[in-house]
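Each chain is listed here by its residues.
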Amino acid sequence: MAFSERLRRMVPGIAALVLGIAMVFISNAPVSATGADAAARGFSFQEKPIAYPPGYDSLPHQTLRQVNPAYYKIRSWISSVGAGVAINDLVGHGRADAMCIVDTRTDKVVVTYTPTAVEADRFTPFLLDPAPLPYDASSMAPMGCTPGDFTGDGRMDLLVSYWGRTPVLFLAKSDSTSLSASSYKPVELVPASSPDGLYHGPQWNTNAIAVGDFAGHGHPDIIVGNYFPDSAVLDPHGQKNVHMPNSLSSANNGGGAHVLRWVGADSGPDPTAAYVEDKDAVPFPNSAGWTLAIASADLTGTGLPDVYVANDFGHAFMLHNVSDGKTIKFQTVFGKRTATTPKSFVLGNGSFKGMGVDFADLDGTGRFDMMVSNITTAWGLEESNFLWKNQAADNAEMKKDLDSGYAPFVQKAQQYGVAWTGWCWDVKMADFLNSGTPEILQTDGFVKGDIDRWPWLQEMAMMNDDLLSNPAMWPNVGPGDDIAGDQAMAFYARNSDGKFVDVSKQLGLDVPTPTRGVAIGDTTGTGRLDFAVSRQFGAPAFYANTATALGDYLDLHLVRPSTDNAANTGLEGAGTPAYGATVTVKTADGHTQVSQLDGGSGHTGKRSFDVHFGFGGYMGPVQVHLEWRDIQGQLHTQDTQLTEGSHTLMLSGNAQEVPAS
């Protein structure tokens, strides 16, 4: 054979070898922005001890849950979620200095105060117990805690979600003058009867809760996102009729979303709240994902929040709100693909592992962007986080596009430096230096152990989808096995080039324990944002913001008139949260930002209800544009001017400032 012919035949092999070598260098090249040391300057956080109920340390602690026999070989995988944390004002004094924690070490729900709380807001920490409602600790476990005023009386209630049953509303009683377990009445979110004291309702397995005025009627509606379909996931004696996702990229056999519309409530010493499910709210093709996170924001200025549902194993989607004030209705909208757009970078067509989502105005455009967490481990399942940048010129253009079925967002995670973090979960964006631009917090890590099981997981990723739904076909993930167990949470700050860089190591936040939820709040009422993180089978942590130089700020407490005529009694605050209220601010130098009262977005972390803005070195009044619905569902807008600092605004027919008490 002639040499030229032999050389020609060798070309494909040589090309493959060159490509392989090139990919090795590319894969080992830095995938994040540089300048972490400089970007970390100015930030400072101090971890402070969290107070627990008396005798809490003596409770049995675990590092694994009991599971259905069909899941026994992957029991560490099944036990990998559930740690949650929320920050809010539970005492009613106007400061978000209380916490609700789901601790997977004990499978208990802890209510306590933040370590920064003033003495007047402190109380003896306690546990939330759903009794006398039926609850079986051997087959059920709490998965999240969402604060909210579900009766409209100005007192903060707590919504606890579970695996193995439907969520429970813990409604604050009007005759309680201090915070304790007896201050709350457990009420079924989904009505169910129990003639024998046992639970006979749906076996929901909930991993996401979103609260907002989705119907446009002036009350808090609830979207429940379930992971597994209704089944006895945690019952060690349960039937083996359980399954896993039927695809790693487009699974459609999960628990999906249930949309619950508020229909009535009564406050008082025996409070109640009633919800009905709008079963056709979510289009059927999008109703059975493996949901891990949900977030909402009013993208169109109509007072109807649109929703992003983050599903594990592919196809997260955006729901455009087309509700009529009576029932809740969504339409699925999608991005557009160009010749250079990867399929998963088209909103609504992603095949990645959506595990967290948050809305924020990332660049001061006056429009909401989105950050979505995925699995992004180098040499693991290296997908990409999503940073969806809003391309609409204004609310009117956004509405026109969404009405036509088009979601005008483009994916820019790599360009902003946040494409690759690890095995990511909850994500929150907030301005910790009051600089005028937010930082990004992202929880991270999966199963902690000693034996690396990434090779097994990689093999499973190449498995035929027809085999995936059978738990027996999954690789062993049990005690001692490790998958991304040492990954630490990320704290992304901007470098000098405007890109984000992870500064968690510089700030001492790089604890090698899997984290799940992150909650943010101004716990001192001084315009200084603190945060807390929940850890899977690890102690949660609270980080006080100790930065010495903060910018000017505006912190808004937006409330509507409560249904309780006897104001400021017991645990009642200034009013009931103005769910869905959106605020756009503009400084004299032309800087614009938009934010909202977030009723409960994300994975298992829930921020406080404060609407917070930072302005850097700007000192002076700001122009504020408010949009809200009153308790009758009527949409209002108002422009006003406010000075720096904290303000409580009562939103009814107009916006009026509530004098500080």
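Remember, it's a predicted structure, so these values are computed and weren't measured experimentally. (Residues numbered from 1 in each chain as written. Predicted model: local features only at pLDDT ≥ 70, side-chain atom pairs only at ≥ 80, totals over all residues. Heavy atoms only, no water.)

So, about the overall build of the protein. From N to C terminus, the protein includes seven helices and 40 strands. Relative to a compact globule of 661 residues, whose C-alpha radius of gyration would be 26 Å, the protein shows 24 Å and is just as compact. When the backbone C-alpha atoms are referred to their principal axes, the protein occupies close to 100 × 65 × 45 Å. For the protein, the residues scored as buried account for 61% of the 661 residues in total. Charge-centre separation for the protein: the mean point of 44 positive side chains lies 7 Å from the mean point of 70 negative side chains. (Helix = DSSP H or I, 4+ residues; strand = E, 2+ residues; numbered from the N terminus. Rg over C-alpha atoms; globule rule 2.2 N^0.38 Å. Buried < 20%, exposed > 50% of the residue type's maximum accessible area, 1.4 Å probe, protein only. Lys, Arg positive; Asp, Glu negative; His and termini not counted. Charge placed at Lys NZ, Arg CZ, Asp CG, Glu CD.)

Overall, the coordinates contain one disulfide when judged by the stated rule. Each sulfur in the disulfide pair Cys100 and Cys145 lies 2.0 Å from the other. Negative torsions about the S-S bond denote left-handed disulfides, and the value of about 95 degrees found for Cys100 with Cys145 makes this one right-handed. Of this pair, Cys100 sits in strand β3 (residues 98-103) while Cys145 sits in strand β6 (residues 141-148), placing them 45 residues apart in sequence. Here Cys100 falls in the buried class, since its relative accessible area comes to 2%. (Disulfide = S-S within 2.5 Å.)

For the largest pocket, the calculated volume is near 900 Å³. Surrounding the largest pocket, 37 residues form its lining, His93, Gly94, His557, Ala574 and Thr648 being those nearest its centre. When contributions to the lining of the largest pocket are tallied by element, the ones reaching two or more residues are β31 (553-560) and β39 (645-651). Grouping the constituent residues of the lining of the largest pocket by class yields 14 nonpolar, 16 polar and seven charged. The calculated volume of the second largest pocket comes to roughly 450 Å³. (1 Å grid on protein atoms, 1.4 Å probe; cavity = no way out; pocket = protein on both sides within 12 Å on 5 of 7 lines; lining within 4 Å. Points joined across faces, edges and corners; volume = space filled by probe spheres on them. Nonpolar A, V, L, I, M, F, W, Y, C, P; charged D, E, K, R; others polar.)

Mapped onto the fold, Thr332 is located in strand β17 (residues 330-333). Residue Thr332 is classed as buried on the basis of its relative accessible area of 17%. Side-chain polar atoms of Thr332 contact the side chain of Asn286, separated by 2.5 Å. Discounting chain neighbours no more than four positions away, the residues touching Thr332 are Pro283, Asn286, Phe317, Met318 and Leu319. (Polar contact = N/O pair within 3.5 Å; in protein donor to acceptor, adjacent residues only side chain to side chain. Contact = heavy atoms within 4.5 Å.)

Pairing is antiparallel in the open sheet, where four strands are placed in the order β14-β15-β16-β17. Each end of this open sheet is capped by a strand with a single partner; those strands are β14 (290-297) and β17. Ignoring strand direction, the axes of neighbouring strands in this sheet form an average angle of 30 degrees. (Pairing = 2+ DSSP bridges. Axes fitted to C-alpha atoms, helices over the stretch in contact; angles between N-to-C directions.)

Further remarks concern the packing of aromatic side chains. Applying the stated criterion across every chain, the model contains 31 aromatic pairs. Here Phe45 and Phe432 contribute two aromatic rings whose centre-to-centre distance is 5.7 Å and whose plane-to-plane angle is 80 degrees, an arrangement assigned as edge-to-face. One end of the pair, Phe45, is in strand β1 (residues 45-48); the other, Phe432, is in the loop between β22 (424-430) and β23 (439-444), with 387 residues separating them in the sequence. Here Phe45 matches Phe432 in class, with each residue buried. Centroid distance Trp423 to Trp454: 5.7 Å. Interplanar angle 50 degrees. Geometry classified as tilted. Here Trp423, found in the loop between α5 (413-416) and β22, pairs with Trp454, found in helix α6 (residues 454-461); they are 31 residues apart in sequence, far enough to count as distant. Using a relative accessible area of 11% as the deciding quantity, one classes Trp454 as buried. Among the aromatic side chains, those forming a connected cluster through ring pairs are Tyr71, Trp77, Trp163, Tyr227, Phe228, Trp290, Phe313, Trp423, Trp425, Phe446, Trp454 and Trp474. Across the ring face of Tyr162, the terminal group of Arg165 is positioned such that the distance to the ring centre comes to 6.0 Å. (Phe/Tyr/Trp six-rings, centres within 6.5 Å; stacked < 30°, edge-to-face > 60°. Lys NZ or Arg CZ within 6 Å of the ring centre and 35° of its normal.)

Further remarks concern the environment of Val418. Within the fold, Val418 resides in the loop between α5 and β22. Taking the relative accessible area as the measure of exposure, Val418 reaches 0% and is therefore buried. Along the primary structure Val418 and Phe500 are separated by 82 residues, whereas in three dimensions their C-alpha atoms are 6.4 Å apart. Residues contacting Val418, with those up to four places away along its chain left out, are Met371, Asn385, Leu387, Ala413, Ile440, Tyr492 and Phe500.

Here we come to the nonpolar core. Soluble, globular proteins show a tendency: their nonpolar side chains are buried together. If you look at the biggest cluster of nonpolar residues, it comprises 62 residues, and the most contacted ones within it are Leu128, Ile222 and Leu558. It is strand β8 (residues 168-172) that contributes the most residues to this core, five residues altogether. Beyond its immediate stretch of four places on either side in the chain, Ile222 contacts Phe150, Leu159, Leu189, Ile209, Ala210, Val211, His258, Val259, Leu260 and Tyr275. (Core = buried A, V, L, I, M, F, W, Y, C linked by side-chain atoms within 4.5 Å.)

With that settled, consider the environment of Gly238. Within the fold, Gly238 resides in the loop between β11 (221-226) and β12 (256-266). Those residues in contact with Gly238, other than ones at most four positions away along the chain, are Asn68, Pro69 and Ala232.

Spatially, β5-β4-β3-β2-β35 is the arrangement adopted by the five strands of the open sheet, whose pairing is mixed. Whereas interior strands pair on both sides, the edge strands pair on one side only; in this sheet they are β5 (126-127) and β35 (605-606). Pairing between β3 and strand β4 (residues 108-113): six bridges, direction antiparallel. Directly across from Ala98, in β4, lies its bridge partner Tyr113.

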